[in-house]
Amino acid sequence: MLMLLFQAGDNFYAIDSAQVVEVIPIVTLRPLNHVPEYIAGVFNYRGNLVPVVDLCRLLHHTDCRSRFSTRIMMVYYPTSDGTRQWLGLMAERVTETLNRPDLDAKNTAQVSDVPYLGNLFMDEKGMIQQIHWQHLVSDDRSASLFIQESVEANGARRD
Amino acid sequence: MDSIDDCWNQIGVWGDRSCPQLETVIHCRNCPVYATAGRNLLERDVPIEYLDEWTATIATPLDEAVKTLNFAEGDRDSATGSNTLSVILFRLGDEQFALSVGVLHEVTHPGAVHRLPHRTNDSFLGLINIRGEILMTLSLSHFLGLKTVENSSSLSRLLVVGHHDRKWVFPVDEVHRIHRVEASELKAVPVVVSQSSESYTQGIIDWQSKKVNYLDADLLFYTLERRIL
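Residues numbered from 1 in each chain as written. Chains lettered and ligands numbered in written order. Predicted model: local features only at pLDDT ≥ 70, side-chain atom pairs only at ≥ 80, totals over all residues.

(A) Local environment of the overall build of chain B. A tally of regular secondary structure across chain B gives 7 helices and 11 strands. Taken over 229 residues, chain B has a buried fraction of 19%. Of the contacts made within chain B by residues no fewer than 6 positions apart, 53% connect residues no fewer than 24 positions apart. (Helix = DSSP H or I, 4+ residues; strand = E, 2+ residues; numbered from the N terminus. Buried ≥ 20, exposed ≤ 12 C-beta atoms within 10 Å, placed from the backbone. Contact = placed C-beta atoms within 7 Å.)

(B) Structural context of the interface of chain A and chain B. On the side of chain B, 15 residues touch chain A, which itself brings 15 residues to the contact. At the level of secondary structure, the elements contributing two or more residues to the side of chain A that touches chain B comprise β3 (20–25) and β4 (39–45) of chain A. Top contributing element to the side of chain A that touches chain B by residue count: β4 of chain A, with 3 residues. Class assignment of the residues belonging to the side of chain A that touches chain B gives a composition of 7 nonpolar, 6 polar and 2 charged. (Nonpolar A, V, L, I, M, F, W, Y, C, P; charged D, E, K, R; others polar.)

(C) Quick look at the environment of Val-160 of chain B. Residues and elements named next belong to chain B. Summarising the element assignment, Val-160 is placed in strand β7 (residues 157–163). Among the residues examined, Val-160 registers 21 C-beta atoms within 10 Å and is labelled buried. Not counting chain neighbours up to four residues away, the residues in contact with Val-160 comprise His-105, Glu-106, Thr-108, Ile-130, Leu-135, Lys-167 and Val-169.

(D) Seen up close, the sheet that holds strand β10 (residues 201–207) of chain B. Residue and element names in this part refer to chain B. Within the open sheet, the 5 strands sit side by side as β9-β1-β2-β11-β10. Their pairing is mixed. If you trace the sheet from one side to the other, it starts and ends with β9 (174–182) and β10, each paired once. The mean inter-strand angle of the sheet, taken between neighbouring strand axes irrespective of direction, is 35 degrees. The pairing of strand β1 (residues 84–92) with strand β2 (residues 95–100) spans 6 bridges and is antiparallel. In the strand pairing of β2, Leu-89 is matched with Ala-98. (Pairing = 2+ DSSP bridges. Axes fitted to C-alpha atoms, helices over the stretch in contact; angles between N-to-C directions.)

Structure representation (structure tokens):
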């Protein structure tokens, strides 16, 4: 599986690259009110209003620093009503990919019950935890609520 | 930002080459220490202009951005009323030459040329194996009547050129790049040209204040076939 690596704090995390459309540099975000704190804001992505999740804030409780290596991973995921929806995932040190075809139950460990936290596995860099960002939008009530309300015009709907 | 330990300048390939890692990684650019230092360049704070520029770029719809590009190109073409040529620029001795990329198959590193008894001469150097194909190697500089400059620098390359099934291999002293020129920028060949290559020269291209001979590929191949085969 080809994964995109990023850091929150000093720890490494990885997301599956299959649904990542592109990785863009950090942009100016418009903050939103009354949304979960890990929603960093929205921005104009090629004419669409796209919400951005700050993964550093979600995982490490600090904002992503404004660095050249801080980037936004754009994902385009199918929703239950058949349309597709954009989401930006902002994290620090989004500079590397990792190909690990050998990951299975034997060399990974389930360490958390939180749905979006995936398995932990070992690599040369240290321990890397997989992040299942899909659960941020489909399971978490407030995030999906937020997307439904603010980007209704784009055809988003709760799962 | 922390100061950088530039070990590549001290003990690496740009230093005295005493680094023990060099035995395994050969060159600093393969070394993880060098790569990490490079990545750390990205750990700088971004200036606000950078943020604004990217915010504006990302806000532009993709099809519009493409349209703008196409418009710019179309505009340029209609202004000059002509199309552009893509040429590969290379050097033979002291002179620069260009060939249309339409006839270029590949640029490769020099290999062993096998001489043919009684057939090999100054122009026809012999046969060479290019990816399993046996191709004829010709000295273009001799064929064009240039002064032959003996050199075996690391810049020398082989050009594989030709039409369809007939391919030729030319050793050249250096391959610069692929260059795009407007057809209108091609200058006519001066009437008096001291060397014999003028009959194959279709035009002169100005490139980095050098004059480049744009060779007529069709005529060149036609003559080669007549003379060599």
